[in-house]
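Okay, here's what each chain looks like letter by letter:
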Amino acid sequence: MTNERPVYVTKPFLPPLEEFLPYLEEIWSTKILTNAGPFHQRLETELARFLGVEHLALVSNGTLGLVVALQALHITGEVITTPFSFAATAHSLIWNNLSPVFVDIEPDTLNLNPAKIEAAITPDTSAIMPVHCYGTPCRTDEIQRIADVYGLKVIYDAAHAFNVRVDGKSILAAGDLSVLSFHATKVFNTFEGGAIVCPDAKAKQRIDYLKNFGIADEVTVTAPGINAKMNEFQAALGLLQLKYAGNAIEQRREIALRYLDGLRDVKGITCLAERPGATPNHSYFPILVDEAYPLTRDGLYEALKEENVYSRRYFYPLISDMPMYRRLASADPSNLPVAHRAANQVLCLPIYPELGFSACDMIIAAIRNSRTG
Ligand SMILES: *Cc1c(COP(=O)(O)O)cnc(C)c1O
């Protein structure tokens, strides 16, 4: 049975409009639109409490968050990172005149493989930028151990890791800085937006300057900063979204469990295992399609399209295969076998709070019934 209406991989969550109107009225009456206004300040406080972190600085989007985080830590030279991510991870390095060095991923988590990091370190290496891919926590202890031995900074691209915890503790506290994205397609959105989670007030202060042109006060510009400020409209929406965030993740969890149940025994389909002790946010539902399945990954992608279901080949192509990166020595496919295999097998199935069990069951049935030809 084909879905009448298209089902996309995600659908942005929005609170009821009437609940947002009083916030708009307040903005219209105060005329404070941006520059660390009252909603911005409230969201920083309430979000830090919600996420269980000490300090964070809101930014206009996740990409500028990464760019600013690298500036804040004075990163130079080479940065070790994963090819299995969204383009912005490596692009943020290029915007800082840094050289990405790609290291392969682990087959189980699809995150940067700590065992492969040391071999990629050179005298020019100054940082590691791992990604908690799909919200699956990186092996942060092992990464930190290597960073400490070699004196490297660690900046996590935590765009997928909103409120992910390990043994009850926020994953966002790992490393020197972690960067969240609140883009429309993420678990928690402010239309566009993001935040940099900082270990202390001093780091936050520096980031607060950097995101506002480096301005410290009326007559003092301390650094060549940029404009990466979150505005009051975004911050107000964030405050309202926060009220629904727990519930939205719970609804995602139910969808994820439904998929897991329905797909567990399908030959050739692997649902990515969750790490023991981790509290996930179910931002994505990635599956791997291997040779035992009657269709290729692309075949299944097309078959689902026939059913009006638009899954996504995240992350394909690999960043290391994009034209601006593929000539780097570390981008050679022989250096990244696990990432290449994952990029050819992965498919993210639709998951969002309003998806509902009937659409979910239809997708499960389509995957179970797919045959070649
Ligand atoms: C979404 C995303 C970003 C970029 O965040 P924006 O807020 O869209 O700029 C960076 N890295 C990863 C892994 C992402 O998924």
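Residues numbered from 1 in each chain as written. Predicted model: local features only at pLDDT ≥ 70, side-chain atom pairs only at ≥ 80, totals over all residues. Heavy atoms only, no water.

### Re the state of the cysteines
What makes a disulfide is a covalent bond joining the sulfur atoms belonging to two cysteines.
Next, step 1: Scanning the model with the defined rule gives 0 disulfides in all.
Next, step 2: Sulfur of Cys138: no disulfide; nearest cysteine sulfur belongs to Cys133 and is 8.6 Å away. (Disulfide = S-S within 2.5 Å.)

### Re the domain arrangement of the protein
Next, step 1: Here the protein is described as being made up of domain 1 (17-240) and domain 2 (245-369).
Next, step 2: Measuring from the centre of the C-alpha atoms in domain 1 to the corresponding centre in domain 2 gives 25 Å.
Next, step 3: Facing the 38 residues of domain 1 at the interface are 33 residues of domain 2.
Next, step 4: Buried area between domain 1 and domain 2, summed over both chains or domains, comes out near 3000 Å², and the portion from carbon and sulfur atoms is 67%.
Next, step 5: On the domain 1 side of the interface with domain 2, the three residues burying the most area are Phe102, Tyr134 and Val187, jointly 24% of the side's total.
Next, step 6: Our enumeration of links across domain 1 and domain 2 arrives at 16 residue pairs in polar contact (both at pLDDT 80 or more).
Next, step 7: For the side of domain 1 that touches domain 2, the elements supplying multiple residues, two or more each, are α4 (88-94), β4 (99-102) and β7 (165-166).
Next, step 8: Its residues placed into classes, the side of domain 1 that touches domain 2 shows 24 nonpolar, 7 polar and 7 charged. (Domains from an automatic or database assignment. Contact = heavy atoms within 4.5 Å. Buried area = accessible area lost by both parts, 1.4 Å probe. Polar contact = N/O pair within 3.5 Å; in protein donor to acceptor, adjacent residues only side chain to side chain. Helix = DSSP H or I, 4+ residues; strand = E, 2+ residues; numbered from the N terminus. Nonpolar A, V, L, I, M, F, W, Y, C, P; charged D, E, K, R; others polar.)

### A closer look at the packing of aromatic side chains
Next, step 1: Applying the stated criterion across every chain yields a total of 18 aromatic pairs.
Next, step 2: Summarising the aromatic geometry, the rings of Phe191 and Phe233 are spaced 5.5 Å apart at their centres and angled 65° between planes, so their arrangement reads as edge-to-face. Placement of Phe191 in the loop between β9 (177-181) and β10 (194-198) and of Phe233 in helix α7 (residues 232-263) is noted, with a sequence separation of 42 residues between them.
Next, step 3: Feature note: the residues Phe20, Tyr23, Phe39, Phe191 and Phe233 constitute an aromatic cluster, connected by ring pairs. (Phe/Tyr/Trp six-rings, centres within 6.5 Å; stacked < 30°, edge-to-face > 60°.)

### A few points about the nonpolar core
Next, step 1: Counting 35 residues, the largest nonpolar core has Leu47, Leu56, Phe162, Leu172, Leu180 and Phe182 as its most contacted members.
Next, step 2: Those elements that provide at least two residues to this core are α1 (17-30), α2 (38-51), β2 (55-59), β10 and α7.
Next, step 3: A total of 8 residues in this core trace back to one element, the largest contributor, which is α7.
Next, step 4: For this core, the domains that each give at least three residues are domain 1 (17-240) and domain 2 (245-369).
Next, step 5: Sequence-distant contacts of Leu47, that is, excluding residues within four places in its chain, are made with Leu56, Leu58, Phe162, Phe182, Phe188 and Leu242.
Next, step 6: Listed in part, the 29 residues of the second largest apolar core include Ala256, Leu263, Leu300 and Ala359. (Core = buried A, V, L, I, M, F, W, Y, C linked by side-chain atoms within 4.5 Å. Buried < 20%, exposed > 50% of the residue type's maximum accessible area, 1.4 Å probe, protein only.)

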